Amino acid sequence: DEQGDILRSRSVWRDISKIKQLEHNLQTTLNRYKGFFEYAPHPYHALDEEGNIIEVNSAWRKALGYSLDDVQHMWFGDLLEPDSIEQFKKLYSKFKAAGKVHGAEFKMRHKEGHLIDVAVDGKIVRDAQGKFRQTHCIFSDITRQKHIDAQLKLFRQQINQSKDAIYVLDSN
């Protein structure tokens, strides 16, 4: 009225309990899938179309010694030894075209400076229009296997070059 007193009011009530329940369910599902990713036993990384790191999991961080802040948005090639960089550029183009890669081998630099040999497997994720979204990749540390293979090669060479008779006895 003229004195500023409220003479009437109108309220609208709406039940949002279903919306709140859906939000809770969505958050629970998100947390579960985030746990699958974060605690997966294999080192995982996701790259954007240019090869920049989007995400890495705890196994990846443990294998290479970096934090997510250290590497997020970093070009993947910056973690490779110089000889692996050109190989990565070529293979990444093929990977994007084919949509998958299996056993791509690189030498990666650990945060402490030493190199590890890795074999990368991955798939490309595309949106509904077929546009590149990101990669999903895991790697295996094959450093020990590479060392064993080199020792076996050396051993074979020594056997093949030997002029002595060599006998191999099978105890079975």
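Before reading on, note that the structure itself is shown above.
Source: prediction; values computed, not measured.

Reading the values: the criteria
- Residues numbered from 1 in each chain as written.
- Predicted model: local features only at pLDDT ≥ 70, side-chain atom pairs only at ≥ 80, totals over all residues.
- Heavy atoms only, no water.
- Helix = DSSP H or I, 4+ residues; strand = E, 2+ residues; numbered from the N terminus.
- Contact = heavy atoms within 4.5 Å.
- Phe/Tyr/Trp six-rings, centres within 6.5 Å; stacked < 30°, edge-to-face > 60°.
- Buried < 20%, exposed > 50% of the residue type's maximum accessible area, 1.4 Å probe, protein only.
- Pairing = 2+ DSSP bridges.
- Axes fitted to C-alpha atoms, helices over the stretch in contact; angles between N-to-C directions.
- Salt bridge = Lys/Arg side-chain N within 4 Å of Asp/Glu carboxyl O.

Its location among the elements puts Phe 95 in helix α4 (residues 82-98). Spatially, the C-alpha atom of Phe 95 lies 21 Å from that of Val 71, the residues being 24 residues apart in sequence. Once residues lying within four places of it in the same chain are set aside, the contact partners of Phe 95 are Lys 100, Val 101, Gly 122, Lys 123, Ile 124, Thr 135 and Cys 137.

Summed over the entire model, instances satisfying the criterion amount to 7 aromatic pairs. Summarising the aromatic geometry, the rings of Trp 60 and Tyr 66 are spaced 6.4 Å apart at their centres and angled 40 degrees between planes, so their arrangement reads as tilted. In this structure, Trp 60 and Tyr 66 share a single accessibility class: buried. Arranged with centres 5.1 Å apart and planes meeting at 45 degrees, the rings of Phe 76 and Phe 88 form a pair that is tilted. Placement of Phe 76 in the loop between α3 (68-71) and α4 and of Phe 88 in helix α4 is noted, with a sequence separation of 12 residues between them.

In space, the 5 strands of this open sheet follow the order β2-β1-β5-β4-β3, with antiparallel pairing throughout. A strand with exactly one partner marks an edge of an open sheet, and here the two such strands are β2 (53-56) and β3 (100-109). Direction aside, the axes of adjacent strands within the sheet are offset by 30 degrees on average. The strands touched by α4 are β1 (44-47), β3, β4 (115-126) and β5 (132-141); relative to β3, the strand with the most contacts, the crossing angle is about 160 degrees.

Another point: the pattern of salt bridges. Inspection of the entire model under this criterion finds 5 salt bridges. Between Asp 70 and Lys 111 there is a salt bridge, with the nearest N and O atoms lying 2.9 Å from each other. Of this pair, Asp 70 sits in helix α3 while Lys 111 sits in the loop between β3 and β4; the two residues are 41 residues apart in sequence, bridging distant segments of the chain. For Asp 70, a relative accessible area of 31% corresponds to the partly exposed category. One salt bridge connects Lys 107 with Asp 117, and the closest N-O pair in it is separated by 2.7 Å. Taken as a pair, Lys 107 in strand β3 and Asp 117 in strand β4 lie far apart in primary sequence, 10 residues in all.

The next subject is unusual backbone geometry. For His 73, which is not glycine, the phi torsion reads 75 degrees and is therefore positive. Structurally, His 73 can be placed in the loop between α3 and α4.

Moving on: the pairing of β4. Alignment of β3 against β4, held across 8 bridges, turns out to be antiparallel. Among the inter-strand pairings, Glu 105 is bridged to a residue of β4, identified as Ala 119. Both β4 and β5 contribute to a ladder of 9 bridges, which runs antiparallel. Across the sheet, residue Asp 121 finds its bridge partner in β5, namely Ile 138. The antiparallel hairpin formed by β4 and β5 contains 5 residues in its connecting segment, where Gly 130 sits at a positive phi of about 85 degrees.

Note that every value here comes from positions in space, so none of it alone points to a role or purpose.
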